[in-house]
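Residue-level structural notes
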Amino acid sequence: MRRFPRIFLIFLFAVLLGESVQPGTRVLAGSGDGPMVGQASSSPTSPSVQKATLKPAAATAPNIPFDAADASAEQTLLTLANESRQQAGAPPLTLDPGLAQAARIHAKLMVDAQQLSHQFDGEPSLLQRLAATTTLQLDQEGENVAFDNDAEHGHEHLMLSPPHRANLLNPAFNVVGLGVLRSGERLYIVEDFGHALPSYSVDEVKNRIAAVVSQARQQAHQPELQRLDVQRGNVQRADLHSLDPHSGDAQSPNRPAVNPAELKQQSNQVAIDEAACSMAQADKLGTPAVRKLAEHSTVISYTSLDPETLPNGADRAIAGPNLRNFSIGVCYARTTTYPTGVYWVVLSLN
């Protein structure tokens, strides 16, 4: 009989003080000089992915040692969350160390402040916090915060709160980070959820975009376009000088003759890839490098989290009856606008 009032009081804390950040959506695609707003239902960075050199959106937070967190409580929360998701028909969550680090860092701030919050003064936003600690590419994110006596009651009370329950059972989420720190008899709980996207190399992204271009031409009853871009591994900026027929190296009897048309094609491809990375560097679509390409070609520039989805209006441009070939430039980068990364794409039609 004595335990009921205590549990009831903790339940009120979980409902009244616990907060929930709902999944966010971001612009996925654009063309021209400004973004084109579209729907978003919503990576590990691969060594083969071309990256721009950018200032991080959020400074890397200090490490919270694993032994400072209640790992047992975190594991209990993960088990209970996946049990609840199974009952609701949602796929299980996979624990991500980067998201767990972000959750523990935020839990430590709540312990220090002795209060619940999703963002303390001077603290980065949720998306920036996650981007600072995980290599995953996310297009949705959410967070639950609460405190309770133990993990079992913490999960029970979060499930009784509609916004927290919605995060726990959201079928779109597939990864989670859990941070639990004890302060006296109270557990401070942070659950950071996300939807992690597949990780593609630049060549894989280009191939997927090329397939969509081919499909668009077929649907428009137009002949297939010749694809001029080549695998990224075959075009290296440092090779251009050695491939120059006017360079001393090219005249070496041991070096095979270079086809001038092939050299021009490879040089143009480097320019297209560099135009894509110029957008990432500037964190915008309309850069001088892109405008220069547009002097001689129809250029569609956009950002994408899904290589198999073209921006609105692209189908009409691709269906042009006078087109003969196309090239694709891609650069993956994290920017202020896209803290967890996005593909910057230049599609050149000729």
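Treat the numbers as computed from the prediction; the structure is a model and nothing was measured. (Residues numbered from 1 in each chain as written. Predicted model: local features only at pLDDT ≥ 70, side-chain atom pairs only at ≥ 80, totals over all residues. Heavy atoms only, no water.)

1. Notes on the packing of helix α2 (residues 71-88) against helix α6 (residues 162-169)
Between two packed helices, the angle of one axis relative to the other and the distance separating the axes together describe the packing. To be explicit about the condition: Axis angles are defined between N-to-C directions and span 0 to 180 degrees, where every axis is a line fitted to C-alpha atoms and, for a helix, only to the segment in contact. For the purposes of this entry, the term helix denotes a DSSP run of H or I that reaches at least four residues, the term strand denotes a run of E that reaches at least two, and both are numbered from the N terminus. With respect to orientation, any angle under 35 degrees is reported as roughly parallel, any angle over 145 as roughly antiparallel, any angle of 65 to 115 as roughly perpendicular, and every other angle as oblique. Note on contacts: a residue pair is in contact if any heavy atoms of the two residues lie within 4.5 Å. Each residue gets one label: Ala, Val, Leu, Ile, Met, Phe, Trp, Tyr, Cys and Pro are nonpolar, Asp, Glu, Lys and Arg are charged, and the others, such as Gly, are polar.
In contact at an axis separation of 9 Å, α2 and α6 are set at 85° when each is read in the N-to-C sense. The angle between α2 and α6 places the two elements in the roughly perpendicular class. Each of A81, S84, R85 and A88 in α2 lies in contact with α6, whose residues at this interface are N167, L168 and L169. Residue composition of the contact of α2 with α6, grouped by class: four nonpolar, two polar and one charged.

2. Details of the environment of L168
Its location among the elements puts L168 in helix α6. Here the alpha-carbon distance between L168 and D192, two residues 24 residues apart in the chain, equals 9.8 Å. In this structure L168 touches A81, R85, N144, H155, L158, M159, E191 and F193, once residues within four positions along its chain are discounted.

3. With respect to the side chain of S84
Structurally, S84 can be placed in helix α2. Excluding its chain neighbours within four sequence positions, the residues that come into contact with S84 are H155, M159 and L169.

4. Focus: the nonpolar core
Our working definition: As used in this record, nonpolar core signifies buried Ala, Val, Leu, Ile, Met, Phe, Trp, Tyr and Cys residues forming a set joined through side-chain atoms within 4.5 Å. Exposed residues in this analysis have more than 50% of their type's maximum accessible area, buried residues have under 20%, and partly exposed residues fall in between, with area computed by a 1.4 Å probe over protein chains only.
I209, I318, F326, I328, V330, L347 and L349 are the most contacted members of the largest nonpolar core, which has 23 residues in total. At the level of elements, α7 (202-219), β9 (298-304), α11 (314-318), β10 (325-333) and β11 (342-349) are the ones that each hand at least two residues to this core. Examining the composition of this core, we find that seven residues originate from one element, α7, more than from any other. Every residue in contact with I209, bar those within four places of it in the chain, is listed here: Y302, P307, I328, V330 and V345. Among the nonpolar cores identified, the runner-up in size contains 18 residues, and A73, A151, L158 and L169 belong to it.

5. Here's the deal with the sheet that holds β9
Note the threshold: Here a strand pair is declared whenever DSSP counts at least two bridges between the two strands.
The strand order across the open sheet formed by four strands is β8-β10-β11-β9, and the pairing between neighbours is mixed. Every other strand in the sheet has two partners, leaving β8 (226-227) and β9 as the edge strands with one partner each. Judged from the two bridges that link them, β8 and β10 form a sheet pairing that is parallel. By the bridge assignment, R227 is partnered in β10 with F326. Strands β8, β9, β10 and β11 of the sheet are contacted by α7, whose axis makes an angle of about 140° with β10.

6. Some words on the pairing of β10
Of all nine residues in β10, nine are buried; the element is thus mostly enclosed. Residues N325, S327, G329, C331 and A333 line one face of β10 and the alternating positions F326, I328, V330 and Y332 line the opposite face, and both faces are buried. Looking at chain direction, β10 and β11 are connected through eight bridges and run antiparallel. Among the inter-strand pairings, A333 is bridged to a residue of β11, identified as V342.

7. A look at helix α5 (residues 151-159)
In terms of burial, α5 is a largely internal element, seven of the nine residues being buried. Looking only at α5, the buried set comprises A151, H153, G154, H155, H157, L158 and M159.

8. Concerning the packing of α5 against α6
Put simply, α5 and α6 touch, their axes get as near as 6 Å, and they point 105° apart. In terms of their interaxial angle, α5 and α6 are classed as roughly perpendicular. Only H164, R165, L168 and L169 of α6 make contact with α5, whose side of the interface consists of H155, L158 and M159. Its residues assigned to classes, the contact of α5 with α6 shows four nonpolar, two polar and one charged.

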